[in-house]
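Coordinates in review
One-letter residues, chain by chain:
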Amino acid sequence: MSLFKNIKLKKCQGEAFTELRQHDYAVLNAPTGWGKSMVLCALAGDDLMNDDTRKVVIAIPQTVIAKGFIHDVSIPLPNGDVVDWTIKHNLCDLMDNKTEHLAQFLTQPAEDAKLCNRVVVTTHAGLARTFAALS
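Residues numbered from 1 in each chain as written. Predicted model: local features only at pLDDT ≥ 70, side-chain atom pairs only at ≥ 80, totals over all residues. Heavy atoms only, no water.

1. Observations regarding the overall build of the protein
Scanning the protein from N- to C-terminus turns up 4 helices and 6 strands. Scanning the protein from its N terminus toward the C terminus, one meets helices and strands in the order β-α-α-β-β-β-β-α-β-α. Computed over the C-alpha atoms, the radius of gyration of the protein is 15 Å, within 12% of the 14 Å expected from 2.2 N^0.38 for a compact globule of 135 residues. On the principal axes, the C-alpha backbone points of the protein span a range of 40 × 35 × 30 Å. Relative to its full complement of 135 residues, the protein shows a buried share of 36%. Across the protein, every contact between residues at least 6 apart in sequence was considered, and the portion connecting residues at least 24 apart equals 69%. When the accessible surface of the protein is split by element, carbon and sulfur atoms take 53% of a total near 8300 Å². (Helix = DSSP H or I, 4+ residues; strand = E, 2+ residues; numbered from the N terminus. Rg over C-alpha atoms; globule rule 2.2 N^0.38 Å. Buried < 20%, exposed > 50% of the residue type's maximum accessible area, 1.4 Å probe, protein only. Contact = heavy atoms within 4.5 Å. Areas by Shrake-Rupley, 256 points an atom, 1.4 Å probe, with all protein chains shown as cover.)

2. Here we look at the sheet that holds strand 1 (residues 5–6)
Spatial strand order, 1-3-4: 3 strands in an open sheet with mixed pairing. On the outer flanks of this sheet lie strand 1 and strand 4 (82–85), each paired with one strand and no other. Relative to strand 4, strand 3 (residues 73–76) is paired through 4 bridges, and the arrangement is antiparallel. Directly across from Ile 75, in strand 4, lies its bridge partner Val 83. Sheet contacts for helix 2 (residues 36–50): strand 3 and strand 4; angle to strand 4, the most-contacted strand, approximately 105 degrees. (Pairing = 2+ DSSP bridges. Axes fitted to C-alpha atoms, helices over the stretch in contact; angles between N-to-C directions.)

3. Section: the confidence of the model for the protein
Scored by pLDDT, the protein has a mean of 91; 97% of the residues are at 70 or more. When pLDDT is averaged over each element of the protein, helix 1 (residues 11–20) comes out on top at 96 and strand 1 at the bottom at 86. (pLDDT = per-residue confidence, 0-100.)

In structure tokens, the structure reads:
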């Protein structure tokens, strides 16, 4: 039994997932509250489940937006897989050493194949500071 809350994608989100999954680059334009964050979690989780060497950086403009990505949920995907989505590296809550933490996440191999260890949420500013420090 999963400890995660089960969140099923709405029909329109499932259609978006199926379409976006086929592309390396795409734009999802939808109104506030539509569920873009959940579709992104589903896409990222699907990608991570298919390649245990990949990592995902979710960069957001403001820390308040992090709550759309920081939840423990099981997301059944239209292709039949299930993503157990949880975030270990929430740099929006971390007070100290955000730049060091993100630099380590970016430059070192994933600590293991667990999805939660291969996703980080940070702000655009935090990502920019980290890239500047790494240059």
